[in-house]
Amino acid sequence: MIDSHCHLDRLELGEVSLSDALDQARSVGVKHFLCIGVNLESALDPISVAEQHSDISASVGVHPLYHTDQLPDPDRIRTLADHPKVVALGETGLDYFKQDNDPSIQQAAFEMHLQLSAELALPTIVHTRGAVDDTLSILRNHSNTGQVGVLHCFTESWDMAQAALDMGWYISISGIVTFRNADALRDVARRVPDDRLLIETDSPWLAPVPYRGKSNQPKYLPAVLECVAQQRQTSADSLATLTSGNFARLFPKAEI
Ligand SMILES: [Zn+2]
Ligand SMILES: [Zn+2]
């Protein structure tokens with residue numbers, strides 16, 4: 001299985017080294033990791049983790065909650081994205097959960113990432129929370145570019161998922177799917193078509209049941225896989241094969 005979204009440079013490992021944490025994940029069947037960038041200041045951290053391991057790829061972008069009051073520099077994104085280990089842009093998107101963030105910067109930066117996605121022929125990793133209408137309308141504005149991406153750590157309604165799927169986007173399910181009150185997300189996890197589904201940990205955040213309260217790690221990905229497989233009435237093995245194939249198709253620059 002492939003962890004399509006993790007922050008390996010931000011794991012809270014205590015006494016354990018990152019190499020050991022990766023080995024633990026590999027030993028339970030994780031065969032590739034996409035390490036996600038959150039801002040340009042620390043953009044070299046995911047890239048250097050990826051440089052050290054053949055089974056890790058990286059992304060470059062600015063998370064909606066990590067903006068300063070200035071737009072990110074597109075030339076800096078272009079330069080970083082040229083690195084052979086960088087297989088995607090993001091995470092970018094809209095997060096209206098914290099009202100004190102300026103939405104206009106988030107929107108302009110999201111548009112910039114989608115323009116760069118088309119220009120550089122790289123897929124985009126989108127974070128969306130509490131911003132259904134604005135996210136969909138920006139995706140619609142860019143839907144004629146031929147470049148798509150993934151709505152990661154999806155937590156919205158089936159209606160939103162369907163609107164994004166209609167535009168060719170993928171949906172990634174995190175450990176939230178294991179939470180007791182996540183019936184609506186389990187419904188989404190059942191209904192996403194076979195060829196558009198990804199799984200992720202979003203570690204170090206959102207540890208799945210039965211690890212809630214711990215800091216999340218890629219080694220907990222099987223709990224996400226098994227929950228989604230159960231919802232879809234398929235085996236964990238076949239879902240791992242299916243979602244790994246989807247990952248390879250969406251991120252062709254990743255060496256898997
Ligand atoms: Zn996110
Ligand atoms: Zn993330």
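Below: a short report on this structure. (Residues numbered from 1 in each chain as written. Chains lettered and ligands numbered in written order. Predicted model: local features only at pLDDT ≥ 70, side-chain atom pairs only at ≥ 80, totals over all residues.)

Some points on the overall build of the protein
Link 1 in the chain: Each helix and strand in the protein was counted, giving nine helices and eight strands.
Link 2 in the chain: Expected size for 256 residues packed as a compact globule is a radius of gyration near 18 Å; at 17 Å, the protein falls within 12% of this value.
Link 3 in the chain: Based on the C-alpha atoms only, the size of the protein along its principal axes is roughly 40 × 40 × 35 Å.
Link 4 in the chain: Counting contacts in the protein only where the partners sit at least 6 residues apart, residues at least 24 apart contribute 71% of the total. (Helix = DSSP H or I, 4+ residues; strand = E, 2+ residues; numbered from the N terminus. Rg over C-alpha atoms; globule rule 2.2 N^0.38 Å. Contact = placed C-beta atoms within 7 Å.)

What about unusual backbone geometry?
Link 1 in the chain: With an omega of 10°, the peptide bond running from Gly90 to Glu91 counts as cis.
Link 2 in the chain: With respect to the secondary-structure elements, Glu91 resides in strand 4 (residues 86-95).
Link 3 in the chain: The peptide bond linking Val209 to Pro210 adopts the cis configuration, its omega dihedral lying at 10°.
Link 4 in the chain: Checked against the element boundaries, Pro210 lands in the loop between strand 8 (197-199) and helix 8 (221-231).
Link 5 in the chain: The phi dihedral of Gln233 falls on the positive side, at around 50°, and the residue is not glycine.
Link 6 in the chain: Tracing the backbone shows Gln233 in the loop between helix 8 and helix 9 (236-250).
Link 7 in the chain: A count of 7 C-beta atoms within 10 Å places Gln233 in the exposed class. (Buried ≥ 20, exposed ≤ 12 C-beta atoms within 10 Å, placed from the backbone.)

Some details on the pairing of strand 3 (residues 56-60)
Link 1 in the chain: Within strand 3, five of the five residues are buried, leaving the element largely enclosed by the surrounding structure.
Link 2 in the chain: With burial as the criterion, each face of strand 3 is covered, one bearing Ile56, Ala58 and Val60 and the other bearing Ser57 and Ser59.
Link 3 in the chain: As paired strands, strand 2 (residues 32-35) and strand 3 are joined by three bridges and run parallel to one another. Note that in strand 3 the partner of Phe33 across the bridge is Ile56.
Link 4 in the chain: In this fold, the crossover linking strand 2 to strand 3 by way of helix 2 (residues 44-52) has right-handed handedness.
Link 5 in the chain: The sheet contact formed by strand 3 and strand 4 spans three bridges and is parallel. Looking at strand 4, one finds that Ser59 is bridged to Ala88. (Pairing = 2+ DSSP bridges. Right-handed = clockwise from strand over helix to strand, strands pointing away.)

So, the nonpolar core
Link 1 in the chain: Core analysis: the biggest nonpolar cluster contains 73 residues, and Cys35, Val150, Ile171, Leu225 and Val228 have the highest contact counts within it.
Link 2 in the chain: Per element, the largest residue contribution to this core is six residues, and it comes from helix 8. (Core = buried A, V, L, I, M, F, W, Y, C linked by C-beta atoms within 7 Å.)

What about the sheet that holds strand 8?
Backbone-to-backbone hydrogen bonds pair the strands of a sheet. The strands run either parallel or antiparallel.
Link 1 in the chain: One open sheet holds the eight strands; their spatial order is 1-2-3-4-5-6-7-8, and the pairing between them is parallel. The open sheet is flanked by strand 1 (2-6) and strand 8, the only strands paired with a single partner. This sheet shows a mean twist of 30° between the axes of neighbouring strands, independent of strand direction.
Link 2 in the chain: Packed on one face of the sheet, helix 4 (residues 103-120) meets strand 4, strand 5 (124-129) and strand 6 (149-151) and runs near 155° to strand 4. (Axes fitted to C-alpha atoms, helices over the stretch in contact; angles between N-to-C directions.)

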